[in-house]
Amino acid sequence: QLELVVSGGGLVRPGESLRLTCAASRLTLDNYPIGWFRQAPGKEHEGISCIGNNGGSDSYADPVKGRVTLSRDSAKNTVYLQMNNLEPKDTAVYYCVIVWSCLGPMPRRGPWGQGTQVTVSS
């Protein structure tokens, strides 16, 4: 019931951009903090960004700070992750999940779901 659907991944070349979309059919996303995570092959899930609920501010982890931007479109009940100047090290499966809070470790509240693959390669 708390699972979100993320889309927009794909294959891009270094320096290019992608915009990932997070959506839900039965939840009003404005009411929840939304965390973005990624998992590279053989690695643990890494929290990279979070947007607060009901007008709360966003936050970014150092590896992506300055290259990604979070936004909400309340009318469309979606959250976007704009990723610019992508690098090969950004290659991972990306997830958006409901979290309890954007503070600290971004404790996960909802399930991971399937995520979307982002591959950055020349």
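Please refer to the structure higher up on the page.
Residues numbered from 1 in each chain as written. Predicted model: local features only at pLDDT ≥ 70, side-chain atom pairs only at ≥ 80, totals over all residues. Heavy atoms only, no water.

**Some remarks on the overall build of the protein**
Summing up its helical and strand segments, the protein has 0 helices and 10 strands in all. Seen in sequence order, the protein has helices and strands lined up from the N terminus as β-β-β-β-β-β-β-β-β-β. Relative to the 2.2 N^0.38 estimate, which gives 14 Å for 122 residues, the radius of gyration of the protein is 13 Å and therefore close to what a compact globule would have. Taking the principal axes of the C-alpha coordinates as reference, the protein spans close to 40 × 30 × 25 Å. (Helix = DSSP H or I, 4+ residues; strand = E, 2+ residues; numbered from the N terminus. Rg over C-alpha atoms; globule rule 2.2 N^0.38 Å.)

**Examining the pattern of salt bridges**
Enumeration over the complete set of coordinates arrives at 7 salt bridges. When the shortest N-O distance is used, the salt bridge between Asp 62 and Lys 65 registers 3.2 Å. The exposure class assigned to Asp 62 is exposed, which follows from its relative accessible area of 62%. With its nearest N and O atoms 2.7 Å apart, the salt bridge here joins Asp 90 to Arg 67. With Asp 90 in the loop between β8 (78–83) and β9 (92–98) and Arg 67 in the loop between β6 (58–60) and β7 (68–73), this pair connects stretches of sequence that are 23 residues apart. You can call Asp 90 buried: its relative accessible area is 1%. Taken together, the salt bridges that share partners define one network made up of Arg 38, Glu 46, Arg 67, Glu 87, Lys 89 and Asp 90. (Salt bridge = Lys/Arg side-chain N within 4 Å of Asp/Glu carboxyl O. Buried < 20%, exposed > 50% of the residue type's maximum accessible area, 1.4 Å probe, protein only.)

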